[in-house]
Amino acid sequence: MLPTAIVCFVLAAAAFAAGVLHLLGKGPLLNNAWLFASQRERAAMDKRPHYRQTGVVLLLVGCIFLLNGVQALTGWYWLLWPILALGLGVLVYALVSTVRIWRHPN
């Protein structure tokens, strides 16, 4: 299980790094609203809420990978419940924040 844990910890570190960069408003914006927008829409778009949304999601995904790595090392199967709760939390946050961004674009 050590190789699985190592992969999970590397993915967690990458997600945490990308999440922090997004919260700082740096780097390429990895958000569907930005990726699928036309050049005209991108020019008029306020990127700050999209950076924040993506940063929070990436930090939560990093927590999921971190817990998966700990579970792979220790064999603590009870960690499945916090992992599933975090996954559900990511989905709910992404949906709610997307609706809020659509309702209040600026």
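Q: Pulling in residues and values, what's your account of the nonpolar core?
A: Counting five residues, the largest nonpolar core is built from V57, I64, L79, I83 and V90. Of all the secondary-structure elements, those providing two or more residues to this core are helix 4 (48–74) and helix 5 (80–103). Ignoring anything within four residues of it in the chain, the contact list for I83 reads I64, L67 and N68.

Q: Please provide a residue-by-residue account of helix 4, values included.
A: Think of an α-helix as turning once every 3.6 residues; residues three or four places apart then point the same way. In this model helix 4 runs 39 Å from its N-terminal to its C-terminal C-alpha over 27 residues, within 8% of the 39 Å that 1.5 Å per residue would give. Among all positions of helix 4, only H50, Y51, Q53, T54, G55, V57, L58, G62, I64, G69, Q71 and A72 are buried. Residues of helix 4 that are buried sit in contact with helix 1 (2–23), helix 2 (32–35) and helix 5. Residue G75 follows helix 4 closely and has a positive phi angle near 80°.

Q: Tell me about the packing of aromatic side chains, residues and numbers included.
A: The final tally for this structure, using the stated rule, is one aromatic pair. Where W76 meets W78, the ring centres are 5.9 Å apart and the plane angle is 25°; that geometry is what we call stacked. A residue is classified by how much of its surface remains accessible, and W78, at 53% relative accessible area, is exposed. The ring of W34 has R42 lying over it, and the distance from NZ or CZ to the ring centre is 4.8 Å.

Q: Outline the packing of helix 1 against helix 4, supporting the account with residue identities and numerical values.
A: Across the interface, helix 1 lies against helix 4 with an axial gap of 7 Å and an inter-helix angle of 160°. In terms of their interaxial angle, helix 1 and helix 4 are classed as roughly antiparallel. Relative to helix 4, helix 1 is oriented so that their crossing is left-handed. Taken together, the residues of the contact of helix 1 with helix 4 sort by class into 22 nonpolar, eight polar and one charged.

Q: I'd love a proper account of a nonpolar patch on the surface, names of residues and values included.
A: Among the surface-exposed residues, L2, I6, V10 and L73 lie close enough to one another that they form a single nonpolar patch of about 380 Å² accessible area. The leading source of residues in the nonpolar patch is helix 1, at three residues. Checked against the element boundaries, I6 lands in helix 1. Look at I6 and you get partly exposed, because its relative accessible area is 46%.

Conventions adopted
- Residues numbered from 1 in each chain as written.
- Predicted model: local features only at pLDDT ≥ 70, side-chain atom pairs only at ≥ 80, totals over all residues.
- Heavy atoms only, no water.
- Core = buried A, V, L, I, M, F, W, Y, C linked by side-chain atoms within 4.5 Å.
- Buried < 20%, exposed > 50% of the residue type's maximum accessible area, 1.4 Å probe, protein only.
- Helix = DSSP H or I, 4+ residues; strand = E, 2+ residues; numbered from the N terminus.
- Contact = heavy atoms within 4.5 Å.
- Expected span 1.5 Å × (residues − 1).
- Phe/Tyr/Trp six-rings, centres within 6.5 Å; stacked < 30°, edge-to-face > 60°.
- Lys NZ or Arg CZ within 6 Å of the ring centre and 35° of its normal.
- Axes fitted to C-alpha atoms, helices over the stretch in contact; angles between N-to-C directions.
- Parallel < 35°, antiparallel > 145°, perpendicular 65-115°, else oblique.
- Left-handed = near helix turned anticlockwise from the far one by under 90°.
- Nonpolar A, V, L, I, M, F, W, Y, C, P; charged D, E, K, R; others polar.
- Patch = residues over 30% accessible without salt bridge, like charges linked within 9 Å, V, L, I, M, F, W, Y side chains within 5 Å.
- Areas by Shrake-Rupley, 256 points an atom, 1.4 Å probe, with all protein chains shown as cover.
- Salt bridge = Lys/Arg side-chain N within 4 Å of Asp/Glu carboxyl O.

Honestly, that's just the spatial picture; any functional story needs more than this.
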